[in-house]
Amino acid sequence: MSENFQSENNQEKEVLNEKSQEQEAPQETTEEAAGETVEEKLAKSEAEIADLKDRLLRQMAEFDNYRKRTMKEKADIILNGSAGVVTDILPVIDDLERAIANSSKSEDYTALKEGVELIYNKLMHILEQKGLQKISPKNEPFDTDFHEAIAMIPAPSEDLKGKVLDCAIDGYKLNDKVLRHAKVAVGE
């Protein structure tokens, strides 16, 4: 009986070994097939990484060129941005030079004064076209955004307290940005 048991046991072992070998054989072929796909996947991934690196380098180079170009354009604007205004003011300079040259020859001071006023008005018109606005705040409420108080003087009436009574120096705005605050005397 022990011999029968051993022979049956041996037969079972052989059957199990055969089954395990059959199972291992297909696993090896699937592993080999999987190994090929892994290699293919690896090659595809490496190609994709190389492509992405190339695109990144190109984007970085393009951005660097853009940055350099904008810096150069900004420097040009700073250097030559006022060329239009200066070109527009050149006729006023010519008028002033003529007024100076003729002032020594003329004895008519009223004509000289009128000529200077015309030149002044021409200059202010050109500057107003460029966006310059004068701040003349007399009798307006004091506003620190546009005015700089240089003196506090007694107000002649209650309704003038806190208002600008006198403007020593006019202020100027360029396109709603204050270039110079108006220097004023405020009533207290």
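The following refers to the structure shown. (Residues numbered from 1 in each chain as written. Predicted model: local features only at pLDDT ≥ 70, side-chain atom pairs only at ≥ 80, totals over all residues. Heavy atoms only, no water.)

### Topic: helix 2 (residues 83-103)
Next, step 1: For helix 2, which comprises 21 residues, the first-to-last C-alpha distance of 30 Å matches the rise-based estimate of 30 Å (1.5 Å per residue) to within 8%.
Next, step 2: Listing the buried residues of helix 2 in full gives I89, V92, D95 and A99.
Next, step 3: Here the buried face of helix 2 lies against helix 3 (109-129). (Helix = DSSP H or I, 4+ residues; strand = E, 2+ residues; numbered from the N terminus. Expected span 1.5 Å × (residues − 1). Buried < 20%, exposed > 50% of the residue type's maximum accessible area, 1.4 Å probe, protein only. Contact = heavy atoms within 4.5 Å.)

### As for the sheet that holds strand 2 (residues 147-153)
Next, step 1: Pairing in this open sheet of 3 strands is mixed, and the strands run 2-6-3 from one edge to the other. Of all the strands in the sheet, just strand 2 and strand 3 (164-169) have a single pairing partner and so form its edges. On average, adjacent strands in this sheet sit at an angle of 30° to one another, irrespective of strand direction.
Next, step 2: Both strand 2 and strand 6 (residues 182-187) contribute to a ladder of 6 bridges, which runs parallel. Bridge assignment links M152 to a residue of strand 6, and that residue is V186. (Pairing = 2+ DSSP bridges. Axes fitted to C-alpha atoms, helices over the stretch in contact; angles between N-to-C directions.)

### Looking at unusual backbone geometry
Next, step 1: Within the chain, N175 stands out as a residue other than glycine whose phi angle is a positive 50°.
Next, step 2: Relative to the helices and strands, N175 resides in the loop between strand 4 (171-174) and strand 5 (177-180).
Next, step 3: At D176, a position not held by glycine, the phi torsion is positive, near 70°.
Next, step 4: Looking at where D176 falls in the secondary structure, it is placed in the loop between strand 4 and strand 5.

### A closer look at helix 3
Next, step 1: Helix length check: helix 3 (21 residues) gives 30 Å between terminal C-alpha atoms against 30 Å at 1.5 Å per residue, within 8%.
Next, step 2: Of the residues making up helix 3, those classed as buried are I119, M124, I126 and L127. Across the axial projection of helix 3, the buried residues extend over an arc of 160°, all falling on one side. Residues of helix 3 that are exposed and angled more than 90 degrees away from the buried face: T110, E114, L118 and Q129.
Next, step 3: On its buried face, helix 3 is in contact with helix 2, strand 1 (132-135) and strand 4.
Next, step 4: A positive backbone phi angle near 105° is found at G131, which sits one or two residues after helix 3. (Arc of directions from axis to C-beta.)

### So, the environment of I93
Next, step 1: Summarising the element assignment, I93 is placed in helix 2.
Next, step 2: Judged by its relative accessible area of 37%, I93 is partly exposed.

### Notes on the pattern of salt bridges
Next, step 1: As enumerated under the stated definition, the model contains 11 salt bridges in all.
Next, step 2: A salt bridge links K130 to D88; the nearest nitrogen and oxygen atoms lie 2.7 Å apart. Placement of the pair is K130 in the loop between helix 3 and strand 1 and D88 in helix 2, with a sequence separation of 42 residues.
Next, step 3: The class for K130 is partly exposed, based on a relative accessible area of 35%.
Next, step 4: On the basis of relative accessibility, which here comes to 30%, the residue D88 falls in the partly exposed class.
Next, step 5: Linked through salt bridges whose partners overlap, the residues forming this network are D64, R67 and K68. (Salt bridge = Lys/Arg side-chain N within 4 Å of Asp/Glu carboxyl O.)

### Some details on the sheet that holds strand 5
Next, step 1: Strand order in the open sheet formed by 3 strands is 1-4-5, with antiparallel pairing between adjacent strands. The strands lining the two open edges of the sheet, one partner per strand, are strand 1 and strand 5. Taking each pair of neighbouring strands and ignoring which way they run, the sheet shows an average axis angle of 35°.
Next, step 2: Relative to strand 5, strand 4 is paired through 3 bridges, and the arrangement is antiparallel. Of the residues in strand 5, the one forming a bridge with L174 is K177.

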